[in-house]
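Below are the chains, spelled out letter by letter.
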Amino acid sequence: MTAFSRMSPLQALVARAAGIVARASVLGVFTLAFAAPAAHASPADVAELMNQMRANPSRCPGPSGLKQFVRTPELDRAAAMVANGATLKETARATGHEAVTLQGIHVTGSADQRAMETLLANGYCPFIVDPQLVEIGVHQQGTTTAVVLASAYAPAAGIAPSAIGARILALANQARAQGRHCGNTFFPAAGPLRWNDTLARAAAGHSQDMATNNYFNHNSPSGTSPGMRVERVGYDYRATAENIAAGQMTPEAAMAAWISSPGHCVNLMNAEYTEMGAALASNRASSLGAYWTQVFGTPMPATRSAKARKGRSDRA
């Protein structure tokens, strides 16, 4: 029995939206005219001004202790593209920022430092104090100033590679510990999953293949399916299923995407599965950046013959 219920690339981008999505359009254009000249704000001044506003809640209300924006040549280039009419989607592709969040600010009419602060405070404080945004690029052409802010590319930051699987297992068992609706179907709480190194190898292979070859699908370009990959690593199963997600920077975000997707949620809550392996692979040059795979399994009892295995199921 084969029942495919995978997350499409579009759904992956929607799932990313809560945590990491590149905005594909410039978010605001202001046109100003001033009767008298005032202090001109250079690109370095604009970056410094935004850092001062970020650090001072009285100028831009927000959480305290935010890291300062770091100006980068790549984002300066992105800002130059925005100043010349490119969309953020186009700049993300051209500058290697497809896998991160981008926000754009485009001000036309003045490079006056006082006016710039007023405009930024009135319209862009939510971006300036967003803790996810940590890098900045600035470009000026005459009286036009373009600013591009970006989140850091840091899949599973602060988590040792060897601990990523354990974190996903803990989150999966936490989710299974309470009943929940997957779409319109209610699933009661299910027993905890055991970690399985063989399933983890299947998960790692598929995540790496997606990251390397820049695709997002249960079936690889070479034609392998979830069941085939599980067999190739030597896992003798009665039933198996696979969840994939892409673009999320944390295990928590990947798990939240799976829980919110009915098909993935069904796999997660299926009490038939007793074992699990999971992995993350990343590639900043790819379109989605981070690729997560979770593989479930129910092992074939040792006493079952090869002939009896023909009834096993493969779900994706």
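Heads up: these notes are all about the structure in this document. Worth saying up front: this structure is predicted, and the values here are computed from it rather than measured.

Each value, and the rule that gives it
- Residues numbered from 1 in each chain as written.
- Predicted model: local features only at pLDDT ≥ 70, side-chain atom pairs only at ≥ 80, totals over all residues.
- Heavy atoms only, no water.
- Helix = DSSP H or I, 4+ residues; strand = E, 2+ residues; numbered from the N terminus.
- Buried < 20%, exposed > 50% of the residue type's maximum accessible area, 1.4 Å probe, protein only.
- Contact = heavy atoms within 4.5 Å.
- Areas by Shrake-Rupley, 256 points an atom, 1.4 Å probe, with all protein chains shown as cover.
- Core = buried A, V, L, I, M, F, W, Y, C linked by side-chain atoms within 4.5 Å.
- Phe/Tyr/Trp six-rings, centres within 6.5 Å; stacked < 30°, edge-to-face > 60°.
- Disulfide = S-S within 2.5 Å.
- Salt bridge = Lys/Arg side-chain N within 4 Å of Asp/Glu carboxyl O.
- Axes fitted to C-alpha atoms, helices over the stretch in contact; angles between N-to-C directions.
- Left-handed = near helix turned anticlockwise from the far one by under 90°.
- Nonpolar A, V, L, I, M, F, W, Y, C, P; charged D, E, K, R; others polar.
- Parallel < 35°, antiparallel > 145°, perpendicular 65-115°, else oblique.
- Arc of directions from axis to C-beta.

### So, the overall build of the protein chain
Item 1. Looking only at helices and strands, one finds eleven helices and 13 strands in the protein chain.
Item 2. Each of the 316 residues in the protein chain was classed as buried or not, and the buried ones make up 48%.
Item 3. For the protein chain, the share of sequence-separated contacts (at least 6 apart) that also reach a separation of at least 24 residues comes to 76%.
Item 4. Accessible area of the protein chain: about 14000 Å², with a carbon and sulfur share of 55%.

### Concerning the nonpolar core
Item 1. Leu102, Val148, Ile168, Met276 and Trp292 are the most contacted members of the largest nonpolar core, which totals 36 residues.
Item 2. For this core, the elements supplying multiple residues, two or more each, are helix H3 (73-83), helix H4 (88-95), strand S6 (144-151), helix H7 (161-176), strand S10 (237-246), helix H10 (251-260), strand S11 (275-282) and strand S12 (290-299).
Item 3. No other element matches the six residues that H7 contributes to this core.
Item 4. Not counting the four nearest positions on each side in its chain, Met276 is found in contact with Gly165, Ile168, Leu169, Ala172, Leu193, Arg194, Trp195, Asn196, Leu199, Gln294, Val295 and Phe296.
Item 5. One finds Ala47, Cys125, Leu133 and Val147 within the second-largest nonpolar core, a separate group that totals 24 residues.

### So, the packing of aromatic side chains
Item 1. One pass over the full model with this rule turns up two aromatic pairs.
Item 2. Ring geometry for Tyr124 versus Phe127: centroids 5.8 Å apart, planes at 40 degrees, classification tilted. The two residues Tyr124 and Phe127 agree in class, both being buried.
Item 3. Residues Tyr273 and Phe296 carry aromatic rings whose centres are separated by 5.7 Å and whose planes lie at 25 degrees to one another, so their mutual orientation is stacked.

### Concerning unusual backbone geometry
Item 1. Phi is positive for Ala156, close to 50 degrees, though the residue is something other than glycine.
Item 2. Position of Ala156 among the secondary structure elements: in the loop between S6 and H7.
Item 3. Residue Asn214 is not a glycine yet carries a positive backbone phi of 55 degrees.
Item 4. With respect to the helices and strands, Asn214 occurs in the loop between helix H8 (197-213) and helix H9 (226-232).
Item 5. You can call Asn214 partly exposed: its relative accessible area is 41%.

### Section: the state of the cysteines
Item 1. Counting across every chain of the model gives two disulfides.
Item 2. Between the sulfur atoms of Cys60 and its disulfide mate Cys125 the distance is 1.8 Å. What sets the handedness of the Cys60 and Cys125 disulfide is the S-S torsion sign, and at about -90 degrees it is left-handed. With a gap of 65 residues between them, Cys60 in the loop between helix H2 (43-55) and strand S3 (70-71) and Cys125 in helix H6 (residues 125-128) connect regions that are remote in the sequence.
Item 3. Cys125 sits in the buried class, given a relative accessible area of 8%.
Item 4. Linked covalently through their sulfurs, Cys182 and Cys265 form a disulfide whose S-S length is 2.0 Å. Between Cys182 and Cys265, the disulfide has an S-S torsion of -60 degrees and is therefore left-handed. Taken as a pair, Cys182 in strand S7 (residues 180-182) and Cys265 in helix H11 (residues 262-269) lie far apart in primary sequence, 83 residues in all.
Item 5. On the basis of relative accessible area, Cys182 is assigned to the buried category, the value being 3%.

### Topic: the pattern of salt bridges
Item 1. Summed over the entire model, instances satisfying the criterion amount to five salt bridges.
Item 2. Note that Arg71 and Asp76 form a salt bridge whose closest N and O atoms lie 3.0 Å from each other.
Item 3. By relative accessible area, which is 36% here, Arg71 ends up partly exposed.
Item 4. The partner of Arg194 in a salt bridge is Glu275, and the shortest N-O contact between them spans 3.1 Å.

### Thoughts on the side chain of Thr91
Item 1. Tracing the chain through its elements places Thr91 in helix H4.
Item 2. Classification of Thr91 as buried rests on a relative accessible area of 0%.

### Observations regarding the packing of H3 against H4
Item 1. Packing of H3 against H4 leaves a shortest axis separation of 9 Å and a crossing angle of 145 degrees. The interaxial crossing formed by H3 with H4 has right-handed handedness. Contacts from Glu74, Arg77, Ala78, Met81 and Val82 of H3 reach H4 at Leu88, Glu90, Thr91, Ala94 and Thr95.
Item 2. Each residue belonging to the contact of H3 with H4 can be placed in one class, and the counts come to five nonpolar, two polar and three charged.

### Quick notes on the packing of H2 against helix H5 (residues 113-123)
Item 1. Direction vectors running N to C along H2 and H5 enclose 45 degrees, while the axes themselves pass 11 Å from each other. Comparing their axes, H5 and H2 come out oblique. For the pair H2 and H5, the sense of crossing is right-handed. Across from Asp45, Val46, Leu49, Met50 and Met53 in H2, the residues of H5 making contact are Gln113, Met116, Glu117, Leu120 and Ala121.
Item 2. Here the residues of the contact of H2 with H5 are counted per class, giving seven nonpolar, one polar and two charged.

### Considerations on H10
Item 1. When H10 is considered as a whole, its buried residues turn out to be Pro251, Ala254, Met255, Ala257 and Trp258. Looking down the long axis of H10, one finds its buried residues gathered within 155 degrees of arc, a one-sided arrangement.

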